[in-house]
Amino acid sequence: MFILIGLKNMIRLIRPILIFSFISWGTLSPSLVHAKTITIDTGHTPTKNGSLSANGIKEYTYNLQMSNAITYYLRSFGIEVKRTSVNEPNIKLSERATRYPTSDLFVSIHHDAIPKQLYSHRNEIAGYSIFVSKKNSNFNQSLYCSQVVGKNLQAIGEYPSTFHSLDIPGEQKRMVDPRGVFLYDNLVVLKTSTPPALLIEVGVISNPYEANRLTHAATINHIAKNIATSLASCVQ
């Protein structure tokens, strides 16, 4: 009799737990099915390589290595990653930003070069820059994410470059945040993107020291993990 009563009471206790567990899994599953998506664009192409670094390496090579590493870390965080310009020689700028319109974020990865007017200062100019466009339909979110990226890069010892704000031809970009964030309203990949969008210049490869530093696997992985962590937080 004691055993029967014990079993009945046990069933009464277990039933609500089973029902709650069923509801919990049913509630959680949509967030697992609909993972956040980020498009990672590798700046330039295998045939249009961008700038040439101080040590003779093409910018596209830097961009591909960094975007590969960022993709690796994003996927390890459970983010779905779409890629553009990975071994695509003929991709258009407008296609980069519009291929995956349902992504939660678009990020283009580049490495910087200084203008000819500043070439005599190539050993002094270094650091990252982040660009956003007011013509992007999600400008506020773009700006917020760029600030997160800049803040976290500074936290690991990286620092922003400021030469883009100088009053020289081709520059004259307004810095909107001291963490290295600039406005570049007419940049095609930023203004035509449906999701929030930013372009990151990871470092200045016209600078011989920076050009060499950014070829080291440890440096690439350190920076890539930091950027990936920032991007993942932007879409949560």
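Structure's up top.
Undergrad: Would you mind showing me how to read helix 2 (residues 59-76) here?
TA: Here helix 2 is 18 residues long and its end C-alpha atoms lie 26 Å apart, about the 26 Å a rise of 1.5 Å per residue gives. Of all the residues in helix 2, the buried ones are Glu59, Tyr60, Tyr62, Asn63, Leu64, Met66, Ser67, Ala69, Ile70, Thr71, Tyr73 and Leu74. Where helix 2 is buried, its residues contact strand 1 (37-42), strand 2 (80-84), strand 3 (105-112), strand 7 (197-204), helix 6 (208-213) and helix 7 (217-234). Of the residues trailing helix 2, Gly78 is marked for its positive phi of about 90°.

Undergrad: Explain the packing of helix 4 (residues 139-155) against helix 7 here, please?
TA: When two helices pack together, their arrangement is given by the angle between the helix axes and by the axis-to-axis distance. It is the contact of helix 4 with helix 7, at a shortest axis distance of 9 Å, that shows an interaxial angle of 145°. Helix-helix and strand crossings are classified by hand; for helix 4 and helix 7 the assignment is right-handed. Packed against helix 4, whose contacting residues are Gln141, Cys145, Val148, Val149, Asn152 and Leu153, the element helix 7 presents Ile223, Asn226, Ile227, Ser230, Leu231, Ser233 and Cys234 at the interface. For the contact of helix 4 with helix 7, the residue count by class is eight nonpolar, five polar and no charged.

Undergrad: Where do I start with the environment of Glu201 in this structure?
TA: Here Glu201 is to be found in strand 7. Taking the C-alpha atoms as reference, Glu201 lies 9.6 Å from Gly43; in sequence the two are 158 residues apart. Sequence-distant contacts of Glu201, defined by excluding residues within four places in its chain, comprise His110, His111, Asp112, Gly127, Tyr128, Ser129 and Phe131. In terms of polar contacts, Glu201 uses its side chain to reach the backbone amide nitrogen of His111, at 3.3 Å.

Undergrad: It is not clear to me how the packing of aromatic side chains should be interpreted in this structure. Could you clarify?
TA: By convention here, two paired aromatic rings are described through the distance between centres and the angle between planes. Applying the stated criterion across every chain yields a total of three aromatic pairs. Taking the centre distance of 5.1 Å and the plane angle of 80° together, the rings of Tyr72 and Tyr73 count as edge-to-face. Classification of Tyr72 by relative accessible area gives exposed; the value is 57%. Judged by centre distance (5.7 Å) and plane angle (70°), the rings of Phe131 and Tyr184 are edge-to-face. With Phe131 in strand 4 (residues 129-132) and Tyr184 in the loop between strand 6 (181-183) and helix 5 (188-191), this residue pair connects regions lying 53 residues apart in the sequence. For Phe131, a relative accessible area of 3% puts it in the buried group. You can call Tyr184 partly exposed: its relative accessible area is 30%.

Undergrad: Would you explain the pattern of salt bridges in this entry?
TA: Side chains that differ in sign of charge can pair as their charged atoms come close. Tallying each qualifying case throughout the model produces seven salt bridges. Taking the shortest distance from any N to any O, the salt bridge between Glu88 and Arg99 comes out at 2.7 Å. With Glu88 in the loop between strand 2 and helix 3 (93-98) and Arg99 in the loop between helix 3 and strand 3, this residue pair connects regions lying eleven residues apart in the sequence. Exposure remark for Glu88: the relative accessible area of 22% places this residue in the partly exposed category.

Criteria and cut-off values
- Along each chain, the written sequence defines residue order, and numbers are assigned to residues from 1.
- Only residues with pLDDT of 70 or above have their local features reported here, since the model is predicted, and side-chain atom pairs are shown and tallied only from 80 upward, although totals for entire chains, interfaces and linings are computed over all residues.
- Only hydrogens and water are set aside; all other atoms, that is, all heavy atoms of the structure, feed into the side-chain values.
- The helix count covers DSSP runs of H or I at least four residues long, the strand count covers runs of E at least two residues long, and both are numbered beginning at the N terminus.
- Every helix has an expected span of 1.5 Å times one less than the residues it contains.
- Between buried and exposed lies partly exposed: a residue is buried under 20% and exposed over 50% of the maximum accessible area for its type, with that area taken using a 1.4 Å probe on protein chains only.
- Any two residues whose heavy atoms approach within 4.5 Å are treated as being in contact.
- Note on geometry: axes are C-alpha line fits, over the in-contact stretch for helices, and angles between N-to-C directions span 0 to 180 degrees.
- Definitions for this section: a left-handed crossing has its near helix turned counterclockwise from the far helix by less than a right angle. A right-handed crossing has that turn clockwise.
- Each residue gets one of three labels, nonpolar for Ala, Val, Leu, Ile, Met, Phe, Trp, Tyr, Cys and Pro, charged for Asp, Glu, Lys and Arg, and polar for the others, Gly among them.
- Definition of a polar contact: a pair of N or O atoms within 3.5 Å, with one able to donate and the other able to accept a hydrogen when the atoms are protein atoms, and with sequence-neighbouring residues admitted only if both atoms are side-chain atoms.
- Each aromatic pair joins two rings of Phe, Tyr and Trp (for Trp, the six-membered one) with centres within 6.5 Å, and gets the label stacked for planes under 30 degrees apart, edge-to-face for over 60, and tilted for any other angle.
- Any Lys or Arg side-chain nitrogen found within 4 Å of a carboxyl oxygen on Asp or Glu counts as a salt bridge.

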